[in-house]
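# Architecture at a glance
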Amino acid sequence: MQDLMNELIRSGNTKRLRKALKALTGYEIAEFLNNQPQKFQLRMFKELPENLTFECFDYLSQETQNFLLHALPSYQAAKLLKSFAPDDRTAFLEVLPKETVDEFVKLLPISERLLTLKLLGYPEKSIGRLMTTDYLAVLPHWTIEKVLDHIKEYGHDSETIDYIYVIDYKGRLIDDIKLRDLLFISRNKRVESILNGNVIALSVKEDEERAINVFRMHDRSALPVIDNEGVLLGIVTIDDILRLSDEEATEDIQKIGGMEALDKPYMQAPFLELIKKRAGWLVILFLGEMMTATALGYFEKEIAQAVVLALFLPLVISSGGNAGSQAATLIIRAMALEEVKLKDWWKIVKRECASGVVLGLILGLIGFLRVIIWSQFSNIYGDHWFLIALTIYFSLIGVILWGTFSGAVLPLVLRYFRFDPATSSAPFIATMVDVVGLIIYFMVAIFLLKGTLL
């Protein structure tokens, strides 16, 4: 397909190009366009039938969307912006520079312009920016027949009709009803006769993560959004939550990997931005690792007297870092899913300390047996091989216990001080464990080997 499209674009065969485009879906066209030079993107987009124009535009990358809105005539750019659902339009505009936002908002009809500015006025990363105002609301005294007539007349303009929202005369949310429930009730009944008042709603200024967790817990396709007075302002739908959940997961994974989160997809991020996002953490981690060199210098005498201890340094230290990274990842994810909260800190500490001891015993035993078995066939560890085996055994227990404890506690401390727990990244935990693990290793060695090798 790609070769054919490139050939048709270059040849200028407009008739064949239009025919070929009609055979594709909006998603397929968008996938092709995203990987084309801008001059081809514009030429091809102009040849799309109108029904495919809007469908394709939804799937284009933000960079391509931004380019096309600037390159197309104002009337066509306005039609594309107007085709966005209010929540999708807000998501598109909120990451653009203020000057660009002002330019695009001016293209909208006055009613859409006011709505867009209202949604953009809510705090960043709040539920208010996620919601759409395209929903169906009815009054409690209406009959079921009137509700169904209302759905037929206005349902096509709604983001979803899975739920119908019941409000009072002041616009305050009373309840919501599933559409399917309305289909099996006598048409003469009033709405108020089937209400149960068990409505689940989101506050307009709550954080986006709250919306993700509520959707996850209650298995909903849409949820109403209210203000402090209980007035229904809009709804949030599952498609926005899925998109947001992907973004949050991506951001957390990047932070756990030891870098700042990217604002754009990897292939669209400028090279200098990639360097900027990664260099900061690398410098911090590098400075942290310098403390390891300082600690090694402190134990220079012990290393000189028992060079064999250096053989196990990478083994012991990396095991502690790996254990810490595991613990941090588990706790960060559990907090993101609200499986654990700050009040559970003592349970978490006890659980992870117990895990650290057991894991340390397992790895310590393996390290102990490694030295014992090797010593039967080689003199690499000298005459005091048994004491060296004990040193490895107890060091691994101590280092892994410290690693799991650090990995579990640091995310909790960051959450307590209202920082993102994901910033206690695996590399940061590993660096911290390296320094303390080194001290634990040599202190155990000094205690067990004093009077022999040391």
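Residues numbered from 1 in each chain as written. Predicted model: local features only at pLDDT ≥ 70, side-chain atom pairs only at ≥ 80, totals over all residues. Heavy atoms only, no water.

The subject of this paragraph is the domain arrangement of the protein chain. Once the domains are mapped, the protein chain shows domain 1 (1-124), domain 2 (137-257) and domain 3 (267-449). With 5 residues of domain 1 in contact, the opposing surface of domain 2 contributes 6 residues. Carbon and sulfur atoms make up 47% of the surface buried where domain 1 meets domain 2, a total of about 500 Å² over both sides. Applying the counting rule to domain 1 against domain 2 returns 0 salt bridges. Run the count over domain 1 and domain 2 and you get 0 residue pairs in polar contact (both at pLDDT 80 or more). Among the residues making up the side of domain 1 that touches domain 2, the classes are represented as 3 nonpolar, no polar and 2 charged. (Domains from an automatic or database assignment. Contact = heavy atoms within 4.5 Å. Buried area = accessible area lost by both parts, 1.4 Å probe. Salt bridge = Lys/Arg side-chain N within 4 Å of Asp/Glu carboxyl O. Polar contact = N/O pair within 3.5 Å; in protein donor to acceptor, adjacent residues only side chain to side chain. Nonpolar A, V, L, I, M, F, W, Y, C, P; charged D, E, K, R; others polar.)

Moving on: the side chain of Ser 406. Looking at where Ser 406 falls in the secondary structure, it is placed in helix α20 (residues 385-416). The exposure class assigned to Ser 406 is buried, which follows from its relative accessible area of 4%. Within the structure, Ser 406 has its side chain in polar contact with the backbone oxygen of Trp 402 (distance 2.9 Å). Apart from the residues within four sequence positions on either side, Ser 406 is in contact with Pro 411, Ile 429, Met 432 and Val 433. (Helix = DSSP H or I, 4+ residues; strand = E, 2+ residues; numbered from the N terminus. Buried < 20%, exposed > 50% of the residue type's maximum accessible area, 1.4 Å probe, protein only.)

Here we take up the UniProt feature "transmembrane region" (unreviewed entry) in the protein chain. Per the UniProt record, the feature "transmembrane region" (unreviewed entry) sits at residues 279-299, 305-332, 353-373, 385-414 and 426-449. Secondary structure over residues 353-373 splits into 100% helix and 0% strand, and the C-alpha atoms at its two ends are 30 Å apart. Between the first and last C-alpha atoms of residues 385-414 the distance is 43 Å; the span itself is 100% helix and 0% strand. (UniProt positions renumbered as here; feature names shortened; annotations may be inferred.)

This paragraph deals with the pairing of strand β6 (residues 232-237). Of all 6 residues that make up β6, 6 are buried, and the element is covered over most of its length. Here strand β5 (residues 222-226) pairs with β6 via 5 bridges, running antiparallel. Note on β6: the bridge partner recorded for Ala 222 is Thr 237. (Pairing = 2+ DSSP bridges.)

We now examine the sheet that holds β5. With mixed pairing, the 3 strands of this open sheet are ordered in space as β4-β5-β6. Among the strands making up the open sheet, the edge pair consists of β4 (202-203) and β6.

Moving on to the sheet that holds strand β1 (residues 137-138). Reading across from one edge, β1-β2-β3 is the order of the 3 strands in this open sheet, with mixed pairing throughout. The sheet terminates laterally at β1 and β3 (173-178), the two strands that pair on one side only. Pairing between β1 and strand β2 (residues 163-167): 2 bridges, direction parallel. Pairing of Ala 137 across the sheet is with Tyr 165, part of β2.

Two quantities define a packed helix pair, namely the angle between the helix axes and the distance between the axes. Interhelical geometry of helix α18 (residues 313-336) versus α20 gives an angle of 30° and a closest axis separation of 7 Å. Relative to α20, α18 is oriented roughly parallel. Handedness of the crossing formed by α18 with α20: right-handed. Touching Leu 315, Val 316, Ser 319, Gly 320, Ala 323, Gly 324, Ala 327, Ala 328, Ile 331, Ile 332 and Met 335 of α18 are Ser 395, Leu 396, Val 399, Ile 400, Gly 403, Thr 404, Gly 407, Ala 408, Pro 411, Leu 412 and Arg 415, all from α20. Here the contact of α18 with α20 is composed, by residue class, of 14 nonpolar, 7 polar and 1 charged. (Axes fitted to C-alpha atoms, helices over the stretch in contact; angles between N-to-C directions. Parallel < 35°, antiparallel > 145°, perpendicular 65-115°, else oblique. Left-handed = near helix turned anticlockwise from the far one by under 90°.)

What follows is about the nonpolar core. With 35 residues, the main nonpolar core has Leu 309, Phe 312, Val 371, Ile 388, Ile 392, Tyr 441 and Phe 442 as its most contacted residues. Elements represented by at least two residues in this core include exactly α17 (308-311), α18, α19 (345-377), α20 and α21 (426-449). Those residues in contact with Phe 442 that sit more than four places away from it in its chain are Leu 296, Phe 299, Glu 302, Ile 303, Leu 309 and Leu 313. Within the second largest apolar cluster, 31 residues are counted, among which are Phe 45, Phe 57, Leu 93 and Leu 108. (Core = buried A, V, L, I, M, F, W, Y, C linked by side-chain atoms within 4.5 Å.)

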